[in-house]
Amino acid sequence: MATFKSELINTLSQRGYLHQCTDLDALDAKAASSVITGYVGYDATADSLHIGNLVSIMMLRRMQQTGHRPIALMGGGTTKIGDPSGRDEVRALADDATIVSRIASIQTTFDRFLKFGSGPTDAILSNNAQWLDKLEYIPFLRDVGKHFTINRMLTMDSVKLRLEREQPLTFLEFNYMILQGYDFVELFHRHGCTLQMGGSDQWGNIVQGVDLGRRMANSDLFGFTSPLITLSSGAKMGKSVSGAVWLSAHRLSPYDYYQFWRNTEDADVGRFMKLFTDLPLDEIARYEALQGAEINEGKKKLALEATALLHGIDNATAAAETARKTFEEGSAGDDLPTVTKSKAEIEAGYTITTANVEIGFAASKNEARRKIQEGSVKINDEKISDENYKLTEQDFRDGAVKISLGKKKFGIIKLK
RNA sequence: GGAGGGGUGGCCGAGCGGUCAAUGGCAGCAGACUGUAAAUCUGCCGGGUUCGCCCUACGAAGGUUCAAAUCCUUCCCCCUCCA
């Protein structure tokens with residue numbers, strides 16, 4: 001089974017993270033004989049990372065698990081430029097204050113996956129604003145710009161595709177790959193970082209960094225990318241009942257995160273366990289062998305383990321218990337979205353329509369009315385077909401009403 | 001600088017004076033079937049509503065008309081060809 005010399009590359013390869021590598025054999029040899037420092041960069045395009053970032057976060061985690069040193073690089077500087085990769089339109093650029101607050105919010109996610117500190121394999125959190133913000137234009141062009149040819153840059157997918165589609169590419173964005181390449185060299189000088197990882201869409205940017213390292217620092221740097229993770233049905237990964245799958249709890253609750261994994265397609269269970277949990281491969285193989293409805297046991301395990309990594313075992317267990325009560329017992333668990341109402345508010349007339357909106361099931365009252373007419377709204381498991389139905393004290397059992405939309409969305413209205 | 005074409009709902013894309021909150025497709029939501037799976041089929045898919053209607057919307061601002069996404073004027077932006 002072990003086809004590589006190093007534990008790092010064996011792990012990355014066996015668990016499904018390997019897509020492309022600039023020099024796999026050399027990297028493998030190096031990882032077998034020394035501690036490698038490697039990084040992944042994250043731009044602050046929102047105040048939370050999302051499921052699409054999780055593969056690379058797990059790669060950093062695998063590095064640490066196999067005795068190497070990961071760096072999470074926050075793109076405080078590059079976010080001001082905007083990565084054109086895979087986009088047809090210029091990004092809406094955030095102002096400095098927004099970027100700083102987003103980074104502060106994002107950083108907490110890494111504490112769950114990596115152990116930071118000053119030991120030889122302790123993770124490092126860095127921010128490229130530290131060096132990019134104070135670059136001087138002419139010196140930068142002379143030191144770094146001279147190593148990039150326009151000819152080469154025009155062949156990069158991020159540029160070429162935009163031009164082929166006749167979409168505008170600003171000079172600002174055109175510089176993104178140069179700055180990302182420069183990051184790599186900077187991290188090499190600061191921390192001896194010799195590896196950059198990322199998703200397959202980052203290949204071009206990463207390779208530019210590897211080349212720049214050879215030219216500027218005469219150093220051997222490595223690039224490693226993971227495949228784009230899609231569902232077996234072909235869809236892009238990243239939909240939960242309440243929209244995008246965010247990693248920050250303020251954007252997506254641990255319960256909803258658990259539910260996202262619980263609803264994994266059958267064919268993806270084993271693959272996702274390898275990528276997104278620490279379960280040993282032989283245990284994963286046992287779950288993969290399950291057939292038919294038994295696969296649900298694997299989904300529960302996947303959901304529990306993946307949620308525990310991000311939100312802690314206590315939150316994961318609570319989410320699992322809420323799911324069990326809600327779906328298997330038909331009662332209501334504690335982690336469901338909750339709205340609290342006073343007795344006076346109920347007496348003043350609180351309609352089922354408003355309740356659906358307040359609990360987040362519908363974006364507007366019209367949508368809530370439609371759902372009621374479609375017969376998908378229930379109160380305490382009783383279908384409600386009157387859109388003007390007002391909750392009464394009789395609806396409250398032990399001070400709470402269970403409200404549901406469809407088969408998967410549940411919420412609680414509590415009486416204060 | 002000159003000539004022509006175009007900007008429509010989350011996206012693509014019809015419409016070209018009234019019957020247009022605007023055909024289709026994608027995405028999304030719900031129902032049926034199931035295993036909280038996939039596939040399939042069905043319905044819904046701007047906001048508010050006392051369910052009569054009302055408001056907002058077809059790049060922006062004015063105008064013509066009983067009536068405009070559709071006609072006119074000005075402005076902004078994109079594309080193609082010529083120089």
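Residues numbered from 1 in each chain as written. Chains lettered and ligands numbered in written order. Predicted model: local features only at pLDDT ≥ 70, side-chain atom pairs only at ≥ 80, totals over all residues. Heavy atoms only, no water.

> Can you explain empty space enclosed by the protein? Please cite residues and give values.
Under the counting rule described, the total for this entry stands at one cavity of 30 Å³ or more. Size it by volume and the largest cavity reaches roughly 30 Å³. Residue lining of the largest cavity: His147, Phe148, Gln208, Asp211, Leu212 and Arg215, and that is the complete set. Classifying every residue of the lining of the largest cavity by side-chain character gives two nonpolar, two polar and two charged. (1 Å grid on protein atoms, 1.4 Å probe; cavity = no way out; pocket = protein on both sides within 12 Å on 5 of 7 lines; lining within 4 Å. Points joined across faces, edges and corners; volume = space filled by probe spheres on them. Nonpolar A, V, L, I, M, F, W, Y, C, P; charged D, E, K, R; others polar.)

> Please provide a residue-by-residue account of a nonpolar patch on the surface, values included.
There is a patch of nonpolar side chains on the surface, built from Tyr137, Ile138, Leu141 and Phe171 and spanning about 450 Å² of accessible area. Considering every element that reaches the nonpolar patch, the biggest residue donor is helix α6 (residues 137-143), with three residues. Within the fold, Phe171 resides in helix α9 (residues 171-174). (Patch = residues over 30% accessible without salt bridge, like charges linked within 9 Å, V, L, I, M, F, W, Y side chains within 5 Å. Areas by Shrake-Rupley, 256 points an atom, 1.4 Å probe, with all protein chains shown as cover. Salt bridge = Lys/Arg side-chain N within 4 Å of Asp/Glu carboxyl O. Helix = DSSP H or I, 4+ residues; strand = E, 2+ residues; numbered from the N terminus.)

> Describe in detail the nonpolar core, supporting the description with residues and values.
Counting 68 residues, the largest nonpolar core has Leu54, Phe110, Phe224, Tyr257, Trp261 and Phe276 as its most contacted members. With seven residues, the top contributor of residues to this core is helix α3 (residues 54-65). If we skip the residues at most four places from it in the chain, Phe110 touches Tyr42, Leu49, Ile57, Leu60, Ala72, Met74, Phe116 and Leu125. Phe174, Met177, Val185 and Val210 belong to the second-largest nonpolar core, a separate cluster that totals 27 residues. (Core = buried A, V, L, I, M, F, W, Y, C linked by side-chain atoms within 4.5 Å. Buried < 20%, exposed > 50% of the residue type's maximum accessible area, 1.4 Å probe, protein only. Contact = heavy atoms within 4.5 Å.)

> Now, about the pairing of strand β3 (residues 69-74): what can you tell me, with residues and values included?
For β3, the tally of buried residues reaches six of six residues, placing the bulk of the element in the interior. What you see with β3 is no split at all: Arg69, Ile71 and Leu73 on one side and Pro70, Ala72 and Met74 on the other are buried throughout. Here strand β2 (residues 37-42) pairs with β3 via six bridges, running parallel. When the sheet's bridge partners are listed, Gly41 is paired in β3 with Leu73. Considered for its hand, the β-α-β crossover made up of β2, α3 and β3 is right-handed. Direction of pairing for β3 relative to strand β4 (residues 124-127): parallel, over a ladder of four bridges. Looking at the pairing, Ala72 lines up with Leu125 of β4. (Pairing = 2+ DSSP bridges. Right-handed = clockwise from strand over helix to strand, strands pointing away.)

> Could you give an account of the protein's contact with RNA strand B, with specific residues and numbers?
Neighbouring RNA strand B are 28 residues, the closest being Gln259, Asn263, Asp266, Ser364 and Arg369. Here RNA strand B approaches the protein such that, of its atoms within 4 Å, sugar and phosphate make up 60%. Backbone polar atom of Lys365 to a phosphate oxygen of RNA strand B: 2.9 Å apart, as the coordinates give it. Residue Arg369 places a side-chain N or O atom 2.3 Å away from a phosphate oxygen belonging to RNA strand B. Looking at the surface near RNA strand B, the element that brings in the most residues is helix α19 (residues 365-373), giving five residues. In the surface near RNA strand B, the residues fall into four nonpolar, 10 polar and 14 charged. (Near = heavy atom within 4 Å. Polar contact = N/O pair within 3.5 Å; in protein donor to acceptor, adjacent residues only side chain to side chain.)

> How would you summarise the sheet that holds β4 if you had to cite specific residues and measurements?
Ordered by their spatial adjacency, six strands build an open sheet running β1-β6-β5-β2-β3-β4, and the pairing between neighbours is mixed. Edge positions in the sheet fall to β1 (20-21) and β4, since each of these pairs with one other strand and no more. Here helix α11 (residues 203-217) sits on the sheet in contact with β1, β5 (195-199) and β6 (222-226), set at roughly 170 degrees to β6. (Axes fitted to C-alpha atoms, helices over the stretch in contact; angles between N-to-C directions.)

> Describe helix α12 (residues 254-262), listing the residues and the values that go with them.
Because an α-helix packs 3.6 residues into every turn, residues spaced three or four apart end up facing the same way. Across the nine residues of α12, eight count as buried, placing the element largely inside the fold. Among the residues of α12, Pro254, Tyr255, Asp256, Tyr257, Tyr258, Gln259, Phe260 and Trp261 are the ones counted as buried.

> Can you break down the pattern of salt bridges residue by residue, with the values?
In total, this model carries 21 salt bridges according to the counting rule given. The partner of Glu321 in a salt bridge is Arg324, with the nearest N and O atoms 3.0 Å apart. One end of the pair is Glu321 and the other is Arg324, both in helix α16 (residues 313-329) and three residues apart, which spans about a single turn. On the accessibility criterion, Glu321 (31% relative accessible area) is partly exposed. Judged by relative accessible area, Arg324 falls into the partly exposed class, the value being 31%.

> Give a description of the environment of Arg162 that names residues and reports values.
Mapping Arg162 onto the fold places it in helix α8 (residues 157-164). Taking C-alpha positions, Arg162 is 45 Å from Val377, a pair spaced 215 residues apart along the chain.

> With reference to specific residues and values, describe the sheet that holds strand β13 (residues 409-415).
Read across the open sheet, the five strands follow the order β9-β13-β12-β10-β11; overall the sheet is mixed. The open sheet has two free edges, formed respectively by β9 (338-341) and β11 (382-383), since each of these has just one partner strand. Looking at chain direction, strand β10 (residues 377-379) and β11 are connected through two bridges and run antiparallel. Paired with Ile379 across the bridge in β11 is Glu382.

> Outline the pairing of β13, listing residues and values.
A regular strand places its side chains on the two faces of the sheet in alternate fashion. Of the strand pairs in this sheet, β9 and β13 are connected by four bridges, and their pairing is parallel. Each bridged residue has a counterpart across the sheet, and for Lys341 the counterpart in β13 is Leu415. For strand β12 (residues 400-405) and β13, the ladder comprises six bridges, and the chain directions are antiparallel. Looking at β13, one finds that Ile403 is bridged to Gly411.

> Would you mind going over the confidence of the model for chain A in detail, with residue names and values included?
If pLDDT is low for a region, its predicted coordinates should not be looked at in detail. When pLDDT is averaged across chain A, the result is 90; 95% of the residues are at 70 or more. Across chain A, element-level confidence peaks in β3 with a mean pLDDT of 97 and bottoms out in strand β7 (residues 239-240) with 68. (pLDDT = per-residue confidence, 0-100.)

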